[in-house]
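# A closer look at the structure
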Amino acid sequence: MSDILLVPIALVIVLVMMHSWFGMGILKRGIIFTDLAIAQFAALGSSVSLGYFHEEYFYLLTLSFALLSAFLIAIASQRKLQLEAFIGLLYVLGASGIMMVLSHSAEGMEHFKSLLASDILFTPPSEVLKSTIIYAAIALVLWKIYPKTSGFLKELMFFSLLALTVTSSVALAGVLVVFVLLIAPALVSISLKLKRVYLGSFAFGWFFSISAIIISYYYDLPTGYSIVFLGALLSCVIVLLSSKKVSNNDI
């Protein structure tokens, strides 16, 4: 195996572990597109940095926009409203904002493509190390502080830490890769009713991510989109095969 594959493989190993935990939380809350909306807002922040500040304040703007969406979702989760519909509106708000911001940028469409799914094959090792340190700090907070909170504060902390995670992930891998890493491993593990759901989600996420990286390298395919495609394809097949048919009484 070529040495060029070692860095992206190390990256997806870390990404899968971090995102699987949040994916479980999202599925339990029944708000599937939360991560997609937050990722889209993070992407909007990076687009503002590119479109108006020549990529200055990149991380600050990306994180600020992600935290804003997380704050809005945390508030909405404590109110009586159609939460999934609200989150869907946030998603299209972020997506349309990106197109408006980048409409006059010469590099706009290229940046938009990278925001959806980046070519992580050439990710610098320094970026992987920096993100690993950030994820380790988030994991420590989730382990030590998060279980001691409750109510709105607990929801706000969950979505804020998710926003912080997504901020780094979108810059490295793209919105669609973040979404599939959050949802696919957790969904498959729950659908298969595994006893160790986190271990199962890790294993499945590692399998399709690493497989996609190797396939994209040898067949000259875009790495990010390969991860999204293989993860979504395998998840759909496994979930359909493992699910039971709905009876007439359930309709």
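See above for the structure.
Residues numbered from 1 in each chain as written. Predicted model: local features only at pLDDT ≥ 70, side-chain atom pairs only at ≥ 80, totals over all residues. Heavy atoms only, no water.

### A closer look at helix α4 (residues 83-102)
Quick note on the threshold: Working definition: helices are DSSP H or I runs of at least four residues, strands are E runs of at least two. Numbering for both runs from the N terminus. To estimate the expected span of a helix, subtract one from its residue number and multiply by 1.5 Å. Only protein chains enter the accessibility calculation, which uses a 1.4 Å probe. A residue is then buried if its area is under 20% of the maximum for its type, exposed if over 50%, and partly exposed in between. Note that the arc is computed from the directions linking the helix axis to the C-beta atoms.
Compared with an ideal rise of 1.5 Å per residue, which puts 20 residues at 28 Å, α4 spans 29 Å between its outermost C-alpha atoms and is within 8% of the ideal. For α4, the full list of buried residues reads Leu83, Ile87, Leu90, Gly94, Gly97, Ile98, Val101 and Leu102. Down the axis of α4, the buried set is contained in an arc of 110°. They therefore lie on one face. In α4, the exposed positions that point more than 90 degrees away from the buried face belong to Leu89 and Met100.

### A short note on the side chain of Ser69
Convention followed: Whether two residues touch is decided by their heavy atoms; if any such pair falls within 4.5 Å, the residues are in contact.
Checked against the element boundaries, Ser69 lands in helix α3 (residues 58-77). Classification of Ser69 by relative accessible area gives buried; the value is 0%. Residues within four places of Ser69 in sequence aside, it is in contact with Ala37, Ile38, Phe41 and Leu90.

### Digging into unusual backbone geometry
With a phi close to 55°, Lys193 is a non-glycine residue in the positive phi region. Positionally, Lys193 belongs in the loop between α8 (175-191) and α9 (197-218). One non-glycine residue, Asp220, lies in positive phi territory at about 55°. Within the secondary structure, Asp220 is located in the loop between α9 and α10 (223-242).

### Overview of the environment of His19
Relative to the helices and strands, His19 is located in helix α1 (residues 6-29). Classification of His19 by relative accessible area gives buried; the value is 1%. Along the primary structure His19 and Ile9 are separated by 10 residues, whereas in three dimensions their C-alpha atoms are 15 Å apart. In contact with His19, other than residues within four places in its own chain, are Tyr135, Thr165, Ser169, Val178, Leu181 and Leu182.

### Things to note about the packing of helix α2 (residues 34-53) against α3
Selection rule: Lines fitted to C-alpha atoms define the axes here, with helix axes fitted over just the stretch in contact, and angles between the N-to-C directions of these axes take values from 0 to 180 degrees. Each crossing gets its handedness from the near helix: less than a right angle anticlockwise from the far helix is left-handed, clockwise is right-handed. The residue classification treats Ala, Val, Leu, Ile, Met, Phe, Trp, Tyr, Cys and Pro as nonpolar and Asp, Glu, Lys and Arg as charged. All others, Gly included, are polar.
It is at 7 Å that the axes of α2 and α3 come closest, and there the two elements cross at 145°. In this structure, the crossing between α2 and α3 has a hand that is right-handed. Between α2, through Thr34, Ala37, Ile38, Phe41, Ala42, Leu44, Gly45, Ser46, Val48, Ser49 and Phe53, and α3, the contact on the second element is made entirely by Phe58, Leu61, Thr62, Phe65, Ala66, Leu68, Ser69, Ala70 and Ile73. A per-class count over the contact of α2 with α3 returns 14 nonpolar, 6 polar and no charged.

### Looking at the pattern of salt bridges
Operational definition: Criterion for a salt bridge: a side-chain nitrogen of Lys or Arg within 4 Å of a carboxyl oxygen of Asp or Glu.
What the rule picks out here adds up to 2 salt bridges. Of the charged contacts in the structure, one is a salt bridge between Glu155 and Arg29, with a shortest N-O distance of 2.9 Å. You can see Glu155 sitting in helix α7 (residues 151-172) and its partner Arg29 sitting in helix α1, a full 126 residues away along the chain. On the basis of relative accessible area, Glu155 is assigned to the buried category, the value being 15%. Overall, the relative accessible area of 27% leaves Arg29 in the partly exposed class. Across the pair Glu127 and Lys130 runs a salt bridge, and its minimum N-O distance is 3.5 Å. In this pair, Glu127 and Lys130 both sit in helix α6 (residues 125-144), 3 residues apart, roughly one turn of the helix.

### Concerning the packing of aromatic side chains
Put simply, the test is: Aromatic rings from Phe, Tyr and Trp, with only the six-membered ring used for Trp, were paired whenever their centres fell within 6.5 Å, and each pair was classed as stacked if the ring planes differed by under 30 degrees, edge-to-face if by over 60, and tilted otherwise. A ring is scored as having a charge over it whenever the NZ atom of a lysine or the CZ atom of an arginine sits within 6 Å of its centre and within 35 degrees of its normal.
One pass over the full model with this rule turns up 11 aromatic pairs. Members of the aromatic cluster, each reached through a chain of ring pairs, are Trp21, Phe22, Tyr146, Phe158 and Phe159. Lys144 extends its terminal NZ or CZ atom over the ring of Trp143, reaching a point 4.2 Å from the ring centre.

### Concerning the packing of α8 against α9
Here is the rule we go by: Angles below 35 degrees are treated as roughly parallel, those above 145 as roughly antiparallel, those between 65 and 115 as roughly perpendicular, and all remaining angles as oblique.
Contact geometry for α8 and α9: axes closest at 8 Å, N-to-C directions at 125°. Taken together, the axes of α8 and α9 lie oblique to each other. Relative to α9, the crossing made by α8 is right-handed. When α8 is examined against α9, the residues Val180, Leu181, Ala184, Pro185, Ala186, Val188 and Ser189 are found in contact with a partner set consisting of Val197, Gly200, Ser201, Phe204, Gly205, Phe208 and Ser209.

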